[in-house]
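# Structural overview
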Amino acid sequence: ADVPVGTCLSGGLDSSVVVAIMAELLRRDGHTHGPRTFTAVYPGEPIDESAFARLAAQQAGASSHFVYPSREGYWQTLPTLLYYQDEPFGGPSAYAQWEVMREVSRHVKVVLDGQGGDEVFAGYRDYRVSFLAQLLVQGRIGSLLSELWRTIRHAKDLRGALAEVKSFPLFVLGNRGRRLLYRVRYHREWERSQQELIL
């Protein structure tokens, strides 16, 4: 590109590969600097992958930029985020992406991202559960039991195993049952969010 280019870097496989490839291409073109990377950091939280992001950036010779999405920032930004998103979204990751892109806009005009890799490689839990439900519908009970056993075996404990398969009924119920479960689930989430607002 004829403008500065950067990349988002979560510390996961997809974005780390993008950073590594960018660094190699820059080296081949004779650049002495690595790519510019942009990372959301959650200090002390289980979802924080910044240690991996720092390692990937260091290996690539990248100049790193970090943002720290917060609960306070979320509530302050939410009206603007809702306006520009212009459609429902299922979680706070849209806010984290907003903060990352705001930082990106201060430094580069073009940014690459590893977004979509989880979808391509079936990295989300629901993809696995969908596969299990498909085995049931096809009557492949032996394969279903085998896959369930593998799922349970790789979980840390019983609670983790149950978390892995808790959405299974959604994939085997008809549309009517699914709508009912969603209504109950999102009604509870709505009530919980209202309680958090009061606190």
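Look a little higher up for the structure.
The text that follows walks through the structure, step by step, so that each part is easy to find. (Residues numbered from 1 in each chain as written. Predicted model: local features only at pLDDT ≥ 70, side-chain atom pairs only at ≥ 80, totals over all residues. Heavy atoms only, no water.)

### Brief notes about the sheet that holds strand β4 (residues 110–112)
Reading across from one edge, β3-β2-β1-β4 is the order of the four strands in this open sheet, with parallel pairing throughout. In this open sheet, the two strands that pair with only one neighbour each are β3 (63–67) and β4. On average, each strand axis in the sheet is tilted by 30° relative to the strand beside it, whichever way the strands run. Sheet analysis places strand β2 (residues 36–40) next to β3, joined by five bridges and oriented parallel. Counterpart to threonine 39 in the pairing with β3 is phenylalanine 66. Where helix α1 (residues 13–28) meets the sheet, it contacts β1 (5–8), β2 and β4, and its direction lies at approximately 155° from that of β1. (Pairing = 2+ DSSP bridges. Helix = DSSP H or I, 4+ residues; strand = E, 2+ residues; numbered from the N terminus. Axes fitted to C-alpha atoms, helices over the stretch in contact; angles between N-to-C directions. Contact = heavy atoms within 4.5 Å.)

### Re the packing of helix α6 (residues 125–137) against helix α7 (residues 141–154)
Their axes nearest at 8 Å, the elements α6 and α7 cross at an angle of 155°. Classified by the angle between their axes, α6 and α7 sit roughly antiparallel to one another. Where α6 crosses over α7, the two elements pack in a sense that is left-handed. In this structure, α6 uses Arg128, Phe131, Leu132, Leu135 and Leu136 to contact α7, whose residues at the interface are Ile141, Ser143, Leu144, Glu147, Leu148, Arg150 and Thr151. For the contact of α6 with α7, the class distribution of residues is seven nonpolar, two polar and three charged. (Parallel < 35°, antiparallel > 145°, perpendicular 65-115°, else oblique. Left-handed = near helix turned anticlockwise from the far one by under 90°. Nonpolar A, V, L, I, M, F, W, Y, C, P; charged D, E, K, R; others polar.)

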